[in-house]
Amino acid sequence: FMIELRFRLNDAGNGILFSRSGFFSGSKKGIEISIRNGVPVTSFYNIFTNDRGILSSASLSGGRKVSPDTWYHLSVSYDRITGKLAQHIDGREDDVCYMTGTGRPSEGVMAASFGVLNGDGSFKCTELPMAFIGKDFNGFIDEFRILYASLEEIERSRDIAYKKHKWVQSSGRIPYN
């Protein structure tokens, strides 16, 4: 999956860009993307499950500080094949960790879910928290999306589309909207 958005701070303060976390199961579970002292931080609370059903959390907080009055593109992606959890700012990978049993790619990859693993391999959803965008955030948020594809898959499909289709201006016609 991938979560992406564009944001612009009005000041160097703190705030939540996106939050979907709850306490229904007794402990905090969910995803939160926030700004802490000018640094984008993405926290995953108890949503990764290993093959024994043990929950794990992760935090991507090693990114660069962002400046007020500048637009940024932030994306967070999880690759379920390798277990790579990454945060990008303006296309640059700022922080990464592997949600695997060993901390290395593709070795005991953990599943991401808001639910509980049933005996048949499906997930029963136990957390259905409300989602918040912009809670206590002083600035602008635009183009928020949740995708079920990795950044690499999106770039690959974009490159294929560019090769197959011409730009509008090369058709010799002026588009009218």
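Residues numbered from 1 in each chain as written. Predicted model: local features only at pLDDT ≥ 70, side-chain atom pairs only at ≥ 80, totals over all residues. Heavy atoms only, no water.

### What about the pairing of strand β6 (residues 71-78)?
Sheet faces and side chains relate simply in a regular strand, where the side chains alternate between the two faces. Rules: In this scheme, a residue with accessible area under 20% of its type's maximum is buried, one over 50% is exposed, and one in between is partly exposed, where area comes from a 1.4 Å probe on protein chains only. Counting from the N terminus, the helices are the DSSP runs of H or I reaching at least four residues and the strands are the DSSP runs of E reaching at least two. Only when DSSP finds a minimum of two bridges between them are two strands counted as paired.
Of all 8 residues in β6, 7 are buried, a share of seventy percent or more. Across 7 bridges, the pairing between strand β1 (residues 2-9) and β6 is antiparallel. Its bridge partner being in β6, arginine 8 is matched across the sheet by tryptophan 71. Sheet analysis places β6 next to strand β7 (residues 84-89), joined by 5 bridges and oriented antiparallel. By the bridge assignment for β7, valine 76 is matched with glutamine 87. Remark: 5 residues form the turn of the hairpin made by β6 and β7, two consecutive strands paired antiparallel; glycine 83 in that turn has positive phi of roughly 85 degrees.

### Thoughts on the nonpolar core
Cut-off, in case you're wondering: What is meant by a nonpolar core is a set of buried Ala, Val, Leu, Ile, Met, Phe, Trp, Tyr and Cys residues, joined one to another through side-chain atoms within 4.5 Å. Contacts are residue-level and defined by heavy atoms, with any inter-residue pair within 4.5 Å sufficient.
By size, the foremost hydrophobic cluster in this structure holds 24 residues, and its most contacted members are Phe7, Leu17, Phe44, Phe48 and Leu85. Listed by contribution, the elements that provide at least two residues to this core are β1, β2 (15-22), β3 (29-36), β4 (39-49), β5 (55-60), β6 and β7. Not counting residues within four places of it along the chain, the set of residues in contact with phenylalanine 7 comprises Leu17, Ile35, Pro40, Val66, Thr70, Trp71, Tyr72, Leu74, Phe137, Phe140 and Ile141.

### Section: the pairing of β2
Counting buried residues in β2 gives 7 out of 8 residues, a clear majority hidden from the surface. In this sheet, β3 lies alongside β2 in antiparallel orientation, the contact comprising 7 bridges. Bridging from a neighbouring strand, arginine 20 pairs with isoleucine 31 of β3. In terms of strand pairing, β2 meets strand β12 (residues 132-133) through 2 bridges, oriented antiparallel. Looking across to β12, one finds that serine 19 is bridged to phenylalanine 132.

### Overview of the sheet that holds strand β8 (residues 92-98)
This is how it is decided: Every angle, taken between N-to-C directions, lies between 0 and 180 degrees, and every axis is a line fitted to C-alpha atoms, over only the stretch in contact when it is a helix.
Reading across the sheet, the 5 strands line up as β8-β7-β6-β1-β13 and stay open at both edges, with antiparallel pairing between neighbours. The sheet is open, and its two edges are formed by β8 and β13 (139-147), each paired on a single side. On average, each strand axis in the sheet is tilted by 15 degrees relative to the strand beside it, whichever way the strands run. Judged from the 6 bridges that link them, β7 and β8 form a sheet pairing that is antiparallel. Each residue of the ladder has a partner; that of isoleucine 89, found in β8, is arginine 92.

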